[in-house]
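Inside the fold
Listed below are the residues making up each chain.
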Amino acid sequence: MNPGELRERAEILTLKETDGIYRWEKEKAVWCRYQETGKKNLFSKVGVGAAGAEILLREMPVDLTRAMRVRGQFLFLTDIRREGTAPRFLKVQAAQVSPVTATVSRQRAGIGENGYPENRVETVAECPVCLTEKYLRSNDETAAVESTVRLVAVAPKVLVCIPGDRMEIDGAVYRVEVCHTLEPYKNEYEIERVEDD
């Protein structure tokens, strides 16, 4: 490995929380070698992959809870391997994606006016997620045609949803249908919205 190949600046991003709102913030800038792989990176186990990238940088404390930004492109980290000996490098595989802000809310039972039970909608968290497609199906059996949009929201581990939660993204409201939470560095949520065509 030639350290002279590290000619581009990369920002290492870390997730910061303030009052239940999570944001990716710059932790530090480092020199790297960046290249697009021309292959799909399967950053989601249940959704469609995204364009892949490979980043080479000097060994430092970086794990899959972080993200990176190179040339203005957000990179979701999927694999980190050590390369070389004295000096050591890290070869990072990543998906080129664009995070969006998801506001997650949950319906809870409570006691309302005059002691009557009522359901309340409470915001759980606001967090960046990366979306990928799951599948699209149509229902033509009714007079009005409906389309069901199902996406996969790949989220940092800190975002914990349960089936039935509402996830608002860019003004559209989705329902969390299936939760995949066994990965150590991320959670994946299958979310669904029904639209009239």
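Residues numbered from 1 in each chain as written. Predicted model: local features only at pLDDT ≥ 70, side-chain atom pairs only at ≥ 80, totals over all residues. Heavy atoms only, no water.

On to unusual backbone geometry, then. For Arg71, which is not glycine, the phi dihedral falls at a positive 55°. Topologically, Arg71 is positioned in the loop between strand 4 (67-70) and strand 5 (73-83). Looking at Arg71, the relative accessible area reads 56%, which means it is exposed. The backbone phi angle of Asp170 is positive, close to 50°, even though this residue is not glycine. Inspection of the secondary structure puts Asp170 in the loop between strand 10 (166-169) and strand 11 (172-180). Residue Asp170 is classed as exposed on the basis of its relative accessible area, which comes to 71%. (Helix = DSSP H or I, 4+ residues; strand = E, 2+ residues; numbered from the N terminus. Buried < 20%, exposed > 50% of the residue type's maximum accessible area, 1.4 Å probe, protein only.)

A few words on the environment of Leu182. For Leu182, the position within the fold is in the loop between strand 11 and strand 12 (186-196). Measuring from C-alpha to C-alpha, the distance between Leu182 and Lys157 comes to 9.9 Å, with 25 residues separating the pair along the chain.

This part covers the environment of Arg150. Residue placement: Arg150 occurs in strand 9 (residues 146-156). We classify Arg150 as buried; its relative accessible area is 12%. Spatially, the C-alpha atom of Arg150 lies 9.3 Å from that of Thr132, the residues being 18 residues apart in sequence. Polar side-chain contacts of Arg150 include one of 3.3 Å to the side chain of Glu190. A polar side-chain atom of Arg150 sits 2.8 Å from a polar atom in the side chain of Glu192. (Polar contact = N/O pair within 3.5 Å; in protein donor to acceptor, adjacent residues only side chain to side chain.)

Its place among the elements puts Ser105 in strand 7 (residues 100-111). Among the residues examined, Ser105 registers a relative accessible area of 10% and is labelled buried. Every residue in contact with Ser105, bar those within four places of it in the chain, is listed here: Val121, Glu122, Thr123, Val124, Asp165 and Arg166. (Contact = heavy atoms within 4.5 Å.)

Summarising the element assignment, Glu195 is placed in strand 12. Take Glu195: its relative accessible area is 27%, and that puts it in the partly exposed class. Remark: the alpha-carbon pair of Glu195 and Val149, spanning 46 residues in sequence, is separated by 7.5 Å.

The final tally for this structure, using the stated rule, is 15 salt bridges. In this structure, the salt-bridge partner of Glu59 is Arg82, at a minimum N-O distance of 2.6 Å. Of this pair, Glu59 sits in the loop between strand 3 (50-58) and strand 4 while Arg82 sits in strand 5, and the two are 23 residues apart along the sequence. Put simply, Glu190 and Arg150 hold a salt bridge, and the shortest N to O gap is 3.3 Å. (Salt bridge = Lys/Arg side-chain N within 4 Å of Asp/Glu carboxyl O.)

This part covers the nonpolar core. Burial of nonpolar side chains together is a common tendency in soluble globular proteins. One finds Met167 and Ile191 to be the most contacted residues of the largest nonpolar core, which totals 33 residues. In contact with Ile191, other than residues within four places in its own chain, are Leu131, Val149, Arg150, Leu151, Ala153, Met167, Ile169, Tyr174, Arg175 and Val176. Listed in part, the 17 residues of the second largest apolar core include Cys32, Ala53, Val62 and Val70. (Core = buried A, V, L, I, M, F, W, Y, C linked by side-chain atoms within 4.5 Å.)

This paragraph deals with the packing of aromatic side chains. Centre-to-centre distance and the angle between the planes together describe a pair of aromatic rings. Taken as a whole and assessed by the stated rule, the structure comprises 2 aromatic pairs. Look at Trp24 and Phe74: their rings are 5.8 Å apart centre to centre, the planes differ by 55°, and that puts the pair in the tilted class. Placement of the pair is Trp24 in strand 2 (residues 21-41) and Phe74 in strand 5, with a sequence separation of 50 residues. Across the pair, Phe74 and Trp24 agree in class, each one buried. Arg9 extends its terminal NZ or CZ atom over the ring of Trp31, reaching a point 4.5 Å from the ring centre. (Phe/Tyr/Trp six-rings, centres within 6.5 Å; stacked < 30°, edge-to-face > 60°. Lys NZ or Arg CZ within 6 Å of the ring centre and 35° of its normal.)

Purely spatial values, then, with no claim about function.
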